[in-house]
Amino acid sequence: SLMEDEYIFQDGFRLARPYVHEFEVQVKGRWIGQSVLDMFCTEFPFYSRDVYIQKIERSWITVDGQATTRDTILRNGQRVHHIIHRHEAPVLDVPITVVCQTKEYIAVNKPSSLPVHATGRYRKNSLLWLLQREHNITNLFPVHRLDRLTSGMLVFARNESTAAAIAQNLAEGSNGCKKTYVARVVGRFPLGDQTCNKAIKRADPVLNQYVCVDSAPIMGQGPISQESMTAGNRAPSTVDRRKKKKDMTAEEKQLWHAERAARRERNIQCSQRSATSPAKFASTTFRLLFHDQTCDESVVLCFPKTGRTHQIRLHLQALGYPIANDPHYGPLRRHNDAAEALAPKGRRTPSPGPGHSLTAAPDPERALSPKRRRLDSEEAGLATPG
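**Q** How do you make sense of the overall build of the chain when you look at a structure like this?
**A** The number of helices and strands found in the chain is ten helices and 18 strands. Within the chain, the proportion of its 386 residues that are buried is 44%. When the accessible surface of the chain is split by element, carbon and sulfur atoms take 51% of a total near 20000 Å².

Right, dumping it as structure tokens:
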């Protein structure tokens, strides 16, 4: 079958068979003015400088589809291509359940370890790819996002106008739309609602790392502005992007080029500001469900009022109750051994109802040997975020 040709299912994991892949990405703002070689050595230090020189000489790295040199200076609007033999990171072999499906949207139960879309070391092991392969569902527009290690309900719209409407309802908490998460954290979480208003700032655009800072308005000193809650949301396109350019009218082509140029300019500005831009306001309220004395861990409900990247994880860390096995913001004393991280636990964390789960789940990447992790990281190519 098609799935058996693309994947290996072993020991509870889904592994994509290695394949040749060509990454293509538009030149980011911070790359403009750098040479091709310097950009790769700085942004993707997985290979040595000599290896990148060989890739350029063999045309495994090109610019706008044409052979290039190590000293070629990257310019705005160009596209960089990188051909690699790709080994994707494994994910848990957990079925993807379509909970609800209408003409306007679908709701999917996303398993842990699976990214929503192709990114970094994941392409065939991504939710959108598997929805197309296993359920024949295509042309979806994400309404909100969940981190790779987070499981829970995810809503996709079938058109941009529906996506914008649902996203606005979620941001405003209107029409009965709200997001609730469940997290298992270290320590005895205090009673009563606990609110964290620390702003969130991107600390490193290359490593995609974020930190909490105190340079933002505090809840109670004024209402949260709609602008701060929806900052970064992209306006819906006036042109159906699924339509091929040859099928567009002259007016649609003109609008398409204008929107593309505007998106390109916004991407450049966002990329250039990423390391120096001010922190964005963020607010999350937490409520204790119960505390397990045997392992000194608590299960809490999380109610985010904004939707910043890694917001809940960072706010729990800032409050002193990090998610129990969070590989980035969790306690260093936990899950240091790969076998322990992958061992099934004897207890399950009950869910109070619909929502998202941030409870501890094994990360398949921890099953890889250090050598395999290094080799896989080298295959990341041009797919790092930011």
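**Q** Can you walk me through the side chain of Glu88 in this structure?
**A** You can see Glu88 is positioned in the loop between strand S6 (79–86) and strand S7 (91–92). Of the side chains with opposite charge, Arg86 comes closest to the buried, unpaired Glu88, at an N-O distance of 4.4 Å. Here the side chain of Glu88 touches Tyr19 through a polar contact of 2.5 Å, side chain to side chain. In this structure the side chain of Glu88 is engaged in a polar contact, spanning 2.7 Å, whose partner is the backbone nitrogen of Lys124.

**Q** What exactly am I supposed to notice about helix H2 (residues 36–43) here?
**A** The periodicity of an α-helix, 3.6 residues per turn, causes residues three or four places apart in sequence to face the same way. Within the sequence span of H2, burial applies to Val36, Leu37, Met39, Phe40 and Glu43. For H2, the arc enclosing every buried residue in end-on projection is 165°, short of the 170-degree limit, so these residues lie on one face. Those residues of H2 hidden inside the fold are in contact with helix H3 (49–57), strand S4 (61–63) and S6.

**Q** Honestly, the sheet that holds S6 in this entry has me stumped. Any pointers?
**A** For sheets, the rule is that strands pair by backbone hydrogen bonds, running either parallel or antiparallel. Judged by pairing direction, the sheet is antiparallel, and its four strands sit side by side in the order S3-S6-S4-S5 without closing on themselves. Edge strands, defined here as strands with exactly one partner in the open sheet, are strand S3 (19–26) and strand S5 (66–67).

**Q** Which parts of the structure should I look at to understand empty space enclosed by the protein?
**A** Per the counting criterion, the structure on display carries two cavities of 30 Å³ or more. Lining the second largest cavity, in full, are Arg14, Val91, Leu92, Val94, Ile96, Pro111, Ser112, Leu114 and Leu130. When its residues are assigned to classes, the lining of the second largest cavity shows seven nonpolar, one polar and one charged.

**Q** Just to check I follow, could you spell out unusual backbone geometry for this structure?
**A** Backbone phi values are negative for most residues with the exception of glycine, while trans is the configuration of most peptide bonds. The phi dihedral of Asn139 is positive, around 55°, even though this residue is not glycine. Along the chain, Asn139 falls in the loop between helix H4 (127–135) and strand S10 (141–142). Classification of Asn139 by relative accessible area gives partly exposed; the value is 42%. Phi at Asp296 takes a positive value of approximately 55°, unusual for a residue other than glycine. According to the relative accessible area criterion, Asp296 is partly exposed, its value standing at 36%.

**Q** Is there a simple way to explain the nonpolar core in this structure?
**A** Where a protein is soluble and globular, its nonpolar side chains tend to be buried together. Core analysis: the biggest nonpolar cluster contains 31 residues, and Leu127, Phe156, Val300 and Leu316 have the highest contact counts within it. With four residues, the top contributor of residues to this core is H4. If near-sequence neighbours (up to four positions away) are discounted, Leu127 is found in contact with Ile96, Val108, Lys110, Leu114, Pro115, Val116, Leu154 and Phe156. Within the second largest apolar cluster, 16 residues are counted, among which are Val27, Trp31, Val36 and Ile56.

**Q** Would you mind going over the packing of H2 against H3 with me for this structure?
**A** The geometry of a pair of packed helices is captured by two quantities: the angle between their axes and the separation between those axes. At their nearest, the axes of H2 and H3 sit 10 Å apart, and the two run at 135° to each other. Relative to H3, the element H2 is oriented oblique. The way H2 lies across H3 gives a crossing that is right-handed. On H3, the residues touching Val36, Leu37, Asp38, Phe40 and Cys41 of H2 are Arg49, Tyr52, Ile53 and Ile56.

**Q** Help me out: how do you make sense of the sheet that holds strand S1 (residues 7–10) in this one?
**A** Sheet architecture is open: three strands sit in the order S1-S2-S7, paired in antiparallel fashion. Looking at which strands have only one partner, the edges of the open sheet turn out to be S1 and S7. Pairing of strand S2 (residues 13–16) with S7, which is carried by two bridges, proceeds in the antiparallel orientation. When the sheet's bridge partners are listed, Phe13 is paired in S7 with Leu92.

**Q** Quick question: what am I supposed to make of a nonpolar patch on the surface here?
**A** Together, Val20, Trp60 and Ile83 give the surface a local cluster of nonpolar side chains, amounting to about 280 Å² of exposed area. Taking the relative accessible area as the measure of exposure, Trp60 reaches 38% and is therefore partly exposed.

Conventions and cut-offs
Sequence order as written defines the numbering, with residues in each chain counted from 1. In keeping with the predicted nature of the model, local features appear solely for residues at pLDDT of at least 70, side-chain atom pairs appear and are counted solely at 80 or more, and the whole-chain, interface and lining totals rest on all residues. Excluded from the side-chain calculations are hydrogens and water; all other atoms, namely the structure's heavy atoms, are used. A helix here means a DSSP run of H or I that spans at least four residues, while a strand means a run of E at least two residues long, and both kinds are numbered starting from the N terminus. Accessible area is worked out with a 1.4 Å probe on protein chains only. A residue is then buried under 20% of its type maximum, exposed over 50%, and partly exposed in between. Accessible surface is estimated by sampling points in the Shrake-Rupley manner with a 1.4 Å probe; for residues, cover comes only from the protein chains shown. Residues scored as charged are limited to Lys and Arg (positive) and Asp and Glu (negative), so that His and the chain ends carry no count. Think of a salt bridge as a Lys or Arg side-chain nitrogen and an Asp or Glu carboxyl oxygen that are within 4 Å of each other. Here a polar contact means two N or O atoms within 3.5 Å. Within protein one must be a hydrogen donor candidate and the other an acceptor candidate, and residues neighboring in sequence count only if both atoms are side-chain atoms. This arc is taken over the directions from the axis of the helix to the C-beta atoms. Residues are treated as being in contact if the distance between any of their heavy atoms lies within 4.5 Å. Whether two strands pair depends on DSSP finding at least two bridges between them. Residues are said to line a cavity or pocket when one of their atoms sits within 4 Å of a point; the points come from a 1 Å grid over protein atoms alone, cavities being sets where a 1.4 Å probe fits but cannot get out and pockets being open sets with protein on both sides within 12 Å along at least five of seven lines. Grid points are joined across faces, edges and corners, and a volume is the space filled by probe spheres set on the points. Gly falls in the polar group here, along with every residue not listed as nonpolar (Ala, Val, Leu, Ile, Met, Phe, Trp, Tyr, Cys, Pro) or charged (Asp, Glu, Lys, Arg). In this description, a nonpolar core means a group of buried Ala, Val, Leu, Ile, Met, Phe, Trp, Tyr and Cys residues linked to one another through side-chain atoms lying within 4.5 Å. For every element, the axis is a line fit to its C-alpha atoms; helices are fit only across the contacting stretch, and the angle between N-to-C directions ranges from 0 to 180 degrees. Should an angle lie under 35 degrees it is considered roughly parallel, over 145 roughly antiparallel, and from 65 to 115 roughly perpendicular; all remaining angles are considered oblique. Throughout, a crossing is termed right-handed when the near helix is turned clockwise from the far one, and left-handed when it is turned anticlockwise from it by less than a right angle. Here a patch means residues that are over 30% exposed by relative accessible area and free of salt bridges, tied together within 9 Å if like-charged and within 5 Å if nonpolar (Val, Leu, Ile, Met, Phe, Trp, Tyr).

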